[in-house]
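Overview (structure and organization)
Listed here are the chains, written in short residue letters.
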Amino acid sequence: MKPFGAKEFKNIVYKKIKNINDDDLYFSQTLDGYSITYKPEYPNTSKKDFCIYSDISGNITISGNIKTTTGVNRFKSLDEFEKGEII
């Protein structure tokens, strides 16, 4: 697995979840990964909220109300997430 940075993670996730208002996406970076959270009714929660998280190993987990092409919410790498391949 090739390493990736915050900018690459943001660009790929933004492309993958098009048709969503960028103003409702919140990016955060921690010591162990990156996350992009969609909260259209911020600061309130809603059934539309979801989070895409990548740890430093490159594993990507999607939680909340988002549909993937495969219906599976875990990916081994950013490349697999972009292609829609699953673990």
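These remarks concern the structure in this document. (Residues numbered from 1 in each chain as written. Predicted model: local features only at pLDDT ≥ 70, side-chain atom pairs only at ≥ 80, totals over all residues. Heavy atoms only, no water.)

Overview of the environment of Leu31
Within the element layout of this structure, Leu31 appears in the loop between β1 (25-30) and β2 (33-38). When its relative accessible area of 86% is taken as the criterion, Leu31 is described as exposed. Between the C-alpha atom of Leu31 and that of Asp55, which follows or precedes it by 24 residues, the distance is 9.1 Å. (Helix = DSSP H or I, 4+ residues; strand = E, 2+ residues; numbered from the N terminus. Buried < 20%, exposed > 50% of the residue type's maximum accessible area, 1.4 Å probe, protein only.)

A word on the packing of aromatic side chains
Per the counting criterion, the structure on display carries three aromatic pairs. Between Phe27 and Tyr34, the ring centres sit 6.1 Å apart and the planes meet at 25°, which makes this aromatic pair stacked. Taking the relative accessible area as the measure of exposure, Tyr34 reaches 14% and is therefore buried. Stacked on the ring of Phe27, the Lys or Arg Lys10 has its end atom at 4.8 Å from the ring centre. (Phe/Tyr/Trp six-rings, centres within 6.5 Å; stacked < 30°, edge-to-face > 60°. Lys NZ or Arg CZ within 6 Å of the ring centre and 35° of its normal.)

Let's talk about the pairing of β1
With six bridges joining them, β1 and β2 adopt antiparallel strand pairing. Its bridge partner lying in β2, Gln29 is registered against Tyr34. As consecutive antiparallel partners, β1 and β2 are separated by two residues. (Pairing = 2+ DSSP bridges.)

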